[in-house]
Amino acid sequence: ELKEVVFVIQSQSNSFHSKRAEDLKRDILKQAADLGKEFPTVLLIHQMDRHEGAWTILPLMRDFSVAYGRNSSWIFFCEEDTRIQVVKLLEILGRFDRSKEWFLGKALYDEESTIIHHYAFAENPTVFKFPDFAAGWALSIPLVNTLAKKLKSEPLKSDFTIDLKHEIALYIWQKGEGPHLTPVPEFCTDDVNLYKVDYCATTFSNFLPLCGEPVKKEDIFVAVKTCRKFHSDRIPVVKQTWEREAALIEYYSDYADMSIPTIDLGIPNTDRGHCGKTFAILERFLNHTSPRTPWLVIVDDDTLISIFRLQKLLSCYDPNEPVFLGERYGYGLGTGGYSYITGGGGMVFSRIAVQKLLASKCRCYSTDAPDDMVLGMCFSGLGIPITHSPLFHQARPMDYPKDYLSHQIPVSFHKHWNIDPVKVYFAWLAPNTEESHNGKKVEYNREDL
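Numbering of residues begins from 1 in every chain and follows the order in which that chain's sequence is written. In keeping with the predicted nature of the model, local features appear solely for residues at pLDDT of at least 70, side-chain atom pairs appear and are counted solely at 80 or more, and the whole-chain, interface and lining totals rest on all residues. Calculated side-chain values reflect all of the structure's heavy atoms, with hydrogen atoms and water omitted.

- In the nomenclature of an unreviewed UniProt entry, the protein corresponds to B3GLT glucosyltransferase from the organism Neopipo cinnamomea.
- UniProt positions are given in the numbering used here, feature names are shortened, and annotations may be inferred rather than shown by experiment. Under the UniProt heading Sequence similarities (unreviewed entry), the entry covering the protein gives this text: "Belongs to the glycosyltransferase 31 family."

What follows is the structure in structure tokens.
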């Protein structure tokens, strides 16, 4: 029965995201009404705000078990852009014995072991499957109850949440003692408009959001963090690739080099975090750029980014709200903690977010503190939510499953390890995949990168 399924939408409190999640909730309830069924429970993660780490889902298992452990059969999780055919979903869930422990989803796996997953299953990473959240995934109530019991006796140990879908699958697997992910072919990430959608219980509608006119590039100020030792190898890559897309760009270093040019902020370079440098950039943005420039993007000198796509993405966000956007990580979320935007994929701030941050007097506890984590701590203390977009990437394309990237139009990648970053940019991020480079048409095959 539909009333035995609890739908959990992995929503966010930013106005753009919460509206999309509410739209999906309305669609699920409308389908229920059209079927003449009793309404299911539909929950929005961001409204469970007594948990700072609600988005990491595992801290909610005990609540789910208490509230739904007796009268429900399934908890079905989905993203705000997942589209659900309720009748088809019920038919699929009906195939599985609801008295047993089931973990269902569209299976992703690593082609090779990757730093994002701490090189897990290094001998053969393809053996471990984890769910593509965009397609939706489901836990049977017996499994929810088991997880809740385990979490009660053994609180979550991991300090960091880096790739939630992989970490949840690892936790459920319990080193082979718990269930593996059971792949469900009808959980799809194909575009809603494709012919095979009739076969799918779920589809995914959003490759790159666009809400009206793209933001003007003159409304985005880009700050590149660099240091003297990388001027000769990393900065030329920026200049050959995405610099031309940016109207307002400055390079911040520990040395003023007029040939680039770089600006010496008077902060010595540090080997670890760059908190002092980042806060100096924030101060400079607030005090030395036009107050009419609503957006700031801070990137590393080895970040590859599409400003062209960012202009489209930012059309969906209100610059009058405090927005802090990028790829979300978590620290200590099982026991309080905070979320943060990981720096390598790029950090996007609305001017008002920077104003509120600097007015708060929250600052680095040391010059070499990790800037992204300190920013997460500060914004958490201010009650300003982190806004996650999966289109920003802390690692290289080869570090992600191909099937996961296939339903994205990515905004950024990071790191130059063992790749040709210029080729990666033109294959993955250039405004047109067939880009004119040095007067020649070049097309790179993503499969090779």
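Regarding the overall build of the protein
Inference 1: Numbering goes from the N terminus for both helices and strands, where a helix is a DSSP run of H or I of at least four residues and a strand is a run of E of at least two. When its secondary structure is counted, the protein shows 12 helices and 25 strands.
Inference 2: As a reference, a globule follows 2.2 Å times the number of residues to the power 0.38, and the radius of gyration itself is taken over C-alpha atoms. For the protein, the C-alpha radius of gyration of 22 Å lies close to 22 Å, the compact-globule estimate for 449 residues.
Inference 3: Only protein chains enter the accessibility calculation, which uses a 1.4 Å probe; a residue is then buried when its area is under 20% of its type maximum, exposed when over 50%, and partly exposed in between. In the protein, which comprises 449 residues, the proportion classed as buried is 55%.
Inference 4: For the area figures, the Shrake-Rupley method with a 1.4 Å probe applies, and any residue is considered shielded solely by the protein chains shown. Of the roughly 19,500 Å² of accessible surface on the protein, 50% is carried by carbon and sulfur atoms.
Inference 5: Counting 50 positive and 59 negative side-chain charges, the protein places the averaged centre of each group 3 Å from the other. Charged-residue counts in this description rest on Lys and Arg as positive and Asp and Glu as negative, His and the chain ends being excluded. Charged side chains are reduced to one point each, which is NZ for Lys, CZ for Arg, CG for Asp and CD for Glu.

Details of helix H9 (residues 351–359)
Inference 1: Among all positions in H9, only Arg351, Ala353, Val354, Leu357 and Leu358 are buried. One side of H9 holds all its buried residues, which, seen down the axis, span an arc of 160°.
Inference 2: Residue contacts are defined here by distance: any two heavy atoms, one from each residue, within 4.5 Å place the two residues in contact. Against the buried residues of H9 lie helix H7 (275–288), strand E16 (295–300), strand E21 (347–350) and helix H10 (371–382).
Inference 3: Two residues or fewer past H9, Lys361 is found with a positive phi of approximately 70°. In this description, the arc belongs to the directions extending from the helix axis to the C-beta atoms.

Here we look at H10
Inference 1: Over its 12 residues, H10 extends 17 Å from the first C-alpha to the last, a length consistent with the 16 Å expected when each residue adds 1.5 Å.
Inference 2: All of the buried residues along H10 are Asp371, Asp372, Met373, Val374, Leu375, Gly376, Cys378 and Phe379.
Inference 3: Of the residues one or two after H10, Gly383 is the one with positive phi, at around 75°. A helix's residues, less one, multiplied by 1.5 Å, set its expected span.

Points about unusual backbone geometry
Inference 1: At the junction of Ile260 and Pro261, the peptide bond is cis and its omega measures out at -10° in the coordinates.
Inference 2: Here Pro261 lies in the loop between strand E14 (248–253) and strand E15 (262–264).
Inference 3: Phi at His118 is positive, roughly 50°, even though this residue is not glycine.
Inference 4: Summarising the element assignment, His118 is placed in the loop between strand E6 (107–108) and strand E7 (130–131).

Notes on the sheet that holds strand E20 (residues 338–341)
Inference 1: A sheet is described by the order of its strands in space; here 3 strands give the open sequence E9-E19-E20, paired in antiparallel fashion. On the outer flanks of this sheet lie strand E9 (160–161) and E20, each paired with one strand and no other.
Inference 2: Here, any two strands with at least 2 DSSP bridges between them count as paired. Where E9 meets strand E19 (residues 328–331), 2 bridges bridge the pair, whose relative direction is antiparallel. Within E19, the residue paired with Thr161 across the bridge is Gly330.
Inference 3: Structural elements are reduced to axes, namely lines fitted to C-alpha atoms, with helices fitted over the stretch in contact, and the angle between N-to-C directions of any two is expressed from 0 to 180 degrees. Sitting on the sheet, H10 touches E9, E19 and E20, and the angle it makes with E20 is about 130°.

Focus on the pattern of salt bridges
Inference 1: What makes a salt bridge here is a side-chain nitrogen of Lys or Arg within 4 Å of a carboxyl oxygen of Asp or Glu, nothing more. Tallied over the full model, the rule gives 21 salt bridges.
Inference 2: We note a salt bridge from Asp23 to Arg26, for which the minimum N-O separation is 2.4 Å. In this pair, Asp23 and Arg26 both sit in helix H1 (residues 15–35), 3 residues apart, roughly one turn of the helix.
Inference 3: Look at Arg26 and you get exposed, because its relative accessible area is 51%.
Inference 4: Notably, a salt bridge pairs Glu91 with Lys88, separated by 3.9 Å at the nearest N-O pair. In this pair, Glu91 and Lys88 are both assigned in helix H3 (residues 86–93), 3 residues apart and thus about one turn of the helix distant.
Inference 5: Glu91 gets classed as partly exposed once you look at its relative accessible area, which sits at 45%.
Inference 6: Residues participating in the shared-partner salt-bridge network are Lys19, Asp23 and Arg26.

What about the pairing of strand E13 (residues 220–225)?
Inference 1: Of all 6 residues in E13, 6 are buried; the element is thus mostly enclosed.
Inference 2: Neither face of E13 is left uncovered, since the one carrying Ile220, Val222 and Val224 and the one carrying Phe221, Ala223 and Lys225 both have all their residues buried.
Inference 3: Pairing analysis gives 5 bridges linking E13 to E14, with the strands arranged parallel. When the bridges of E14 are listed, Lys225 appears paired with Tyr252.
Inference 4: The handedness rule is simple: strands pointing away from the viewer, and a clockwise path from the first strand over the helix to the second, make the crossover right-handed. Taken together, E13, helix H6 (residues 235–240) and E14 constitute a β-α-β crossover, and its handedness is right-handed.

Some thoughts on the state of the cysteines
Inference 1: Any two cysteine sulfur atoms lying within 2.5 Å of each other are counted as a disulfide. Scanning the entire structure with this criterion turns up 4 disulfides.
Inference 2: Put simply, Cys211 and Cys316 are joined by a disulfide, and their sulfur atoms are 2.1 Å apart. Between Cys211 and Cys316 the sulfur-sulfur dihedral comes to about 95°; the bridge is accordingly right-handed. Residue Cys211 is located in the loop between strand E12 (202–204) and E13, and its partner Cys316 is located in the loop between helix H8 (307–314) and strand E18 (324–326); the two are separated by 105 residues in the primary sequence.

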